Amino acid sequence: MLRKTRVALAFVCIVSVTLLFLDFTGTARYAFGWLAKIQFWPAVLALNIGVILALLVLTLLFGRVYCSIICPLGIFQDVISRISGRFNKRRFRYSPALSWLRYTVLAIFVGVFSVSSFVVGAGGARAFVSLLSPYSAYGRIANGLFAPVYRAGNNLLAHFAERIDSYAFYSVDVIGYKGVMILVVPLVTLVVLAVLAWRNGRTYCNTICPVGTVLGFVSNYSLFKIRIDADQCNQCGLCERNCKASCIDSKAHTVDYSRCVACMNCMDGCRKKAISFVPARKKQEFVSADHRVACMEAAPSSLSRQSSSGRTVHSRRHFFTATASVVLASAVKAQDKKVDGGLAEIKDKVLPDRVTKLTPPGAISARHFARQCTACQLCVSACPNHVLRPSDHWMTLMQPEMEYDRGYCRPECTKCSEVCPTGAIRPITQEVKTSLQIGHAVWVMEDCIVKRKGVKCGNCERHCPNGAITMIASDPDDEDSLRFPSVDTERCIGCGACEYVCPSRPFSAIYVVGHEVHRSV
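What comes next concerns the included structure. Since the model is a prediction, treat every value here as computed from it, not as a measurement. (Residues numbered from 1 in each chain as written. Predicted model: local features only at pLDDT ≥ 70, side-chain atom pairs only at ≥ 80, totals over all residues. Heavy atoms only, no water.)

1. Comments concerning the overall build of the chain
Here comes step 1: Helix and strand counts for the chain stand at 22 helices and 12 strands.
Here comes step 2: Counting across all 521 residues of the chain, residues that qualify as buried make up 48%.
Here comes step 3: Considering only intrachain contacts with a sequence separation of at least 6, the fraction spanning at least 24 residues in the chain is 73%.
Here comes step 4: Total accessible area computed for the chain in this model is approximately 26,500 Å², and 62% of it derives from carbon and sulfur atoms. (Helix = DSSP H or I, 4+ residues; strand = E, 2+ residues; numbered from the N terminus. Buried < 20%, exposed > 50% of the residue type's maximum accessible area, 1.4 Å probe, protein only. Contact = heavy atoms within 4.5 Å. Areas by Shrake-Rupley, 256 points an atom, 1.4 Å probe, with all protein chains shown as cover.)

2. Concerning the environment of proline 186
Here comes step 1: As for its placement among the helices and strands, proline 186 is situated in helix α10 (residues 180-200).
Here comes step 2: According to the relative accessible area criterion, proline 186 is buried, its value standing at 1%.
Here comes step 3: Separated by 49 residues in the primary sequence, proline 186 and alanine 137 have C-alpha atoms spaced 7.3 Å apart.
Here comes step 4: Residues within four places of proline 186 in sequence aside, it is in contact with Arg140, Ile141, Leu145, Met181 and Met398.

3. Quick word on unusual backbone geometry
Here comes step 1: For the bond running from arginine 505 to proline 506, omega is 0 degrees, close enough to zero to count as cis.
Here comes step 2: If you check the backbone angles, serine 246 has positive phi at about 55 degrees while not being a glycine.
Here comes step 3: Position of serine 246 among the secondary structure elements: in the loop between α13 (238-242) and β2 (248-249).
Here comes step 4: Phi is positive for glutamine 377, which is not a glycine, with a value near 70 degrees.

4. Brief notes about empty space enclosed by the protein
Here comes step 1: Counted according to the given criterion, the structure contains 10 cavities of 30 Å³ or more.
Here comes step 2: In this structure, the second largest cavity occupies an estimated 120 Å³ of space.
Here comes step 3: Considering the residues around the second largest cavity, the lining is formed by 17 residues, among which Cys448, Cys457, Cys460, Cys502 and Pro503 are closest to the centre.
Here comes step 4: Those elements giving two or more residues to the lining of the second largest cavity turn out to be α20 (449-453) and α21 (459-463). (1 Å grid on protein atoms, 1.4 Å probe; cavity = no way out; pocket = protein on both sides within 12 Å on 5 of 7 lines; lining within 4 Å. Points joined across faces, edges and corners; volume = space filled by probe spheres on them.)

5. Quick word on a negative patch on the surface
Here comes step 1: On the surface, a cluster of negative charge is contributed by Asp475, Asp477, Asp478 and Asp480.
Here comes step 2: With respect to the helices, strands and loops of the structure, aspartate 475 is situated in the loop between β10 (469-473) and β11 (483-487).
Here comes step 3: The partly exposed category is assigned to aspartate 475, whose relative accessible area is 34%. (Patch = residues over 30% accessible without salt bridge, like charges linked within 9 Å, V, L, I, M, F, W, Y side chains within 5 Å. Salt bridge = Lys/Arg side-chain N within 4 Å of Asp/Glu carboxyl O. Lys, Arg positive; Asp, Glu negative; His and termini not counted. Charge placed at Lys NZ, Arg CZ, Asp CG, Glu CD.)

6. Concerning the pattern of salt bridges
A side chain with one charge can pair with a side chain of the opposite charge if their charged atoms come near.
Here comes step 1: If you walk through the whole model with that rule in mind, you get 10 salt bridges.
Here comes step 2: Salt-bridge contacts for aspartate 405 lead to arginine 389; the nearest nitrogen and oxygen are separated by 2.8 Å. With a gap of 16 residues between them, aspartate 405 in the loop between β8 (400-402) and α18 (415-419) and arginine 389 in strand β7 (residues 388-390) connect regions that are remote in the sequence.
Here comes step 3: Here the salt bridges do not stand alone but share partners, grouping Arg6, Asp78, Arg202 and Lys244 into one network.

7. Side note on the environment of aspartate 488
Here comes step 1: One can find aspartate 488 in the loop between β11 and α22 (497-501).
Here comes step 2: Residue class for aspartate 488 comes out partly exposed when judged on its relative accessible area of 33%.

8. Details of helix α2 (residues 27-37)
Here comes step 1: Buried within α2 we find Ala28, Arg29, Gly33, Leu35 and Ala36. Down the axis of α2, the smallest arc covering the buried residues is 155 degrees, so these residues share one side. Away from its buried face by more than 90 degrees, α2 exposes Tyr30 and Trp34.
Here comes step 2: In this fold, the buried residues of α2 make contact with α1 (2-22), α3 (40-45), α9 (134-163), α17 (378-382) and α18. (Arc of directions from axis to C-beta.)

9. Notes on the pairing of strand β1 (residues 224-228)
Here comes step 1: The buried count for β1 comes to four of five residues, which makes it a mostly enclosed element.
Here comes step 2: Taken together, the five bridges between β1 and strand β4 (residues 275-279) define a ladder with antiparallel strand orientation. Residue pairing for β4: arginine 227 is matched across the bridge by serine 276. (Pairing = 2+ DSSP bridges.)

10. Brief notes about α1
Here comes step 1: A rise of 1.5 Å per residue sets the reference length of α1, with its 21 residues, at 30 Å; its end C-alpha atoms lie 30 Å apart and thus fit the reference within 8%.
Here comes step 2: Among the residues of α1, Arg6, Ala10, Cys13, Ile14, Ser16, Val17, Thr18, Leu20, Phe21 and Leu22 are the ones counted as buried.
Here comes step 3: As for α1, its buried residues are in contact with α2, α5 (65-70), α6 (72-85), α9, α14 (265-269) and α17. (Expected span 1.5 Å × (residues − 1).)

11. Concerning a nonpolar patch on the surface
Here comes step 1: Nonpolar side chains collect at one region of the surface, where Val57, Leu61, Phe62 and Leu223 lie side by side and expose about 300 Å² of accessible area between them.
Here comes step 2: As for its placement among the helices and strands, leucine 223 is situated in the loop between α12 (210-219) and β1.

12. Quick notes on the side chain of serine 246
Here comes step 1: The class for serine 246 is buried, based on a relative accessible area of 11%.
Here comes step 2: When sequence neighbours within four positions are dropped, the list of residues in contact with serine 246 reads Arg93, Tyr94, Ser95 and Arg259.

Here it is, written out as structure tokens:
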């Protein structure tokens, strides 16, 4: 019963957290956004004392249930491990804890975090911290790898639905981020985790993950623990073979509680009902060598397997079908955007080299944002105008940065500030955002089509939401003379509307320069 309850809760958590990154309608974020804010490391960065204490109390009561029920990366490893178990049922056996490795990684993690927090110019060290954060690692996998496939599948359904006059689905942009590292980081993370989970279950959680190490130390003192009744145990070894944390020594009837994630697999698999989850006694009883009996082979008879060739063919069909669907959807979407009305080719803009990078409204300052952000990319997935995207710069690797080639930061939108679980982007209202200056626009005469081609434009003035741009006649004595934009830097908030709508190619004639510290206008 306990195992089924754990599986049900874990299923709800990982589906809900995954939808936070996949759902482009925003519905999931209103329903499940709180799940991102109860993750351990984001709560630490946000100084959310209530959540931290609740998780510690939960661990002191029931052990590392956070790792098996709440943490999406832990649950994802369980899914991989369960699939692997269908092919190899004798993967797990007891192994001594690599305490030296666990605490060394934790010490490095804490040291790097401290240095990056208090030493100016050490922001690049924060990338290392973000890479090891379990929630952030899963967020990057979901946003960087799962979300494009999800959106491509949606676009394929929308394409065929349109053919039958159904509008149950609608097409959305499948964002392809620029930069090799933006794809490499989540892909390598996925491969490493998948290999470790496939072979040894919770290896990552019990050797590398700093959150697992901290909660593992606390769980040594938990009230409820897995207990093995030596009198009822026949040393069949089923519990040891079912333990994905490799923390049960069935011969000695002992459990390493610092590695146990309270998955209850051992209880469910024990035929003698010798294992229970009960309040722990003051000292764990150890069975002497004289009382040990030879391990009896009582493993259940292996079930007959289905034909491997038939299963392989079936899997290949699904794989090629899914691949073809993604390729077709991407091709259909790309063809629609390749030309402008079927007449002229659309050239991509070249991003400006901003001296100071833009940070989202609510980030307070570039330094505050770099210190607090854990690079989970939830704000990236929530941004409806695709302004936020992962950075491929080493100093801010995988942290969000703002660019205006696909859209601009609408003054009425505050979604990124609503979903940020760490406080890197503080919650703000629409009223505050419209008066918050994150940068200001700069006009480059040499790139302006009014100057280069001698034509009238004024796009930047018409689309500026704050009225910070005015078109001024080049000849004050001639009202019909060409007009050039003039930027009022005191009214400009840096939303990027002017940069986005500027028709000049390859460089926008007007672009936004970021401010180190945001200010009100």
